[in-house]
Amino acid sequence: MMQGIYRVEYNRQLAPDVWEMRLSGDTSAVTAPGQFINIRLDGLFLRRPISICDWDERGLTIIYKVVGRGTEALAGMEPGQDLDILCGLGNGFDVSKCGDKALVIGGGAGTPPMYGLAKALLKAGKTPAAILGFNTKSEIFYEEQFRALGIETTVTTVDGSYGTKGFVTDALPESYDYFCACGPLPMLKAVYNAAATSGLMSFEERMGCGFGACMGCSCKTKYGNKRICKDGPVLEKEEIIW
């Protein structure tokens, strides 16, 4: 983890209430896809945790959904403005645990970290496939970016307005050797019950500090209590207690 000042390069809307922001700054603390940053915003006591979508040596990209005062303030940021950020938080996805034909499954606002994971899997010589789930066609984002990676990408919508009608579990293929998932809790539980293999799941939780000091985001696992911000947000399927 490191603290630094990051500059907004661009901040643009992708879908209703969904924004993409590119930040320039030091990314040396980012070591795995699925890690997150914690952003200080003026007038708000707690920092706001946002997952990292993509990164390189110059900076990083985040995608966030406007759901409250913090993300509303983020949506109002302009290019050239600076943000105080804690970077490289959480444990992320362990690419070495993923099979050669892993599924990356993203649901709604859980889609962004799966893009960085897909790129990391390709870099490791693996052949991932992606399933992206949304409620309706107007909410879809980053489909083109996933397809541009050259991987098989399936999009589902609950109302059937685009792609496969139903949930991400309705699009699970017959053959895959591992899965990684991020999304709302009902989706993660459904994937847990439907998946035929082991996997890694990224959870969201309200966080106080973001680096394991306050114990505010602790959860029970089969191996004892773990802090989502420090020991997670990624947990193995076999340790999860619902």
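Residues numbered from 1 in each chain as written. Predicted model: local features only at pLDDT ≥ 70, side-chain atom pairs only at ≥ 80, totals over all residues. Heavy atoms only, no water.

## Side note on the pairing of strand β4 (residues 48-55)
Across a regular strand the side chains alternate sides, sitting on one face of the sheet and then on the other.
Working step 1: Bridging between strand β3 (residues 36-40) and β4 involves 4 bridges; their strand directions are antiparallel. Opposite I37, over in β4, you have I50 as the bridge partner.
Working step 2: The pairing of β4 with strand β5 (residues 59-65) spans 3 bridges and is classified as antiparallel. Counterpart to I52 in the pairing with β5 is I62.
Working step 3: The antiparallel hairpin formed by β4 and β5 contains 3 residues in its connecting segment. (Pairing = 2+ DSSP bridges. Helix = DSSP H or I, 4+ residues; strand = E, 2+ residues; numbered from the N terminus.)

## Concerning the environment of F134
Working step 1: Residue placement: F134 occurs in strand β8 (residues 129-134).
Working step 2: On the basis of relative accessible area, F134 is assigned to the buried category, the value being 5%.
Working step 3: When the C-alpha positions of F134 and G163 are compared, they lie 10.0 Å apart, and in sequence the two are 29 residues distant.
Working step 4: Not counting residues up to four positions away in its chain, the partners in contact with F134 are G108, T111, E139, I140, F141, V155, T156, T157 and V158. (Buried < 20%, exposed > 50% of the residue type's maximum accessible area, 1.4 Å probe, protein only. Contact = heavy atoms within 4.5 Å.)

## Things to note about helix α2 (residues 112-123)
Working step 1: With 12 residues, α2 extends 18 Å between its outermost C-alpha atoms, agreeing within 8% with the 16 Å of an ideal straight helix rising 1.5 Å per residue.
Working step 2: For α2, the set of buried residues is P112, P113, M114, Y115, G116, L117, A118, A120 and L121.
Working step 3: On its buried face, α2 is in contact with β4, β5, β7 (102-107), α3 (143-148) and β11 (178-182).
Working step 4: Looking one or two places after α2, you find G125, whose phi comes out positive at around 85 degrees. (Expected span 1.5 Å × (residues − 1).)

## Describing the side chain of T27
Working step 1: The topology assignment puts T27 in the loop between β2 (18-24) and β3.
Working step 2: When residues no more than four places from it in sequence are discounted, the contact partners of T27 are W55, D56, E57, G59 and L60.

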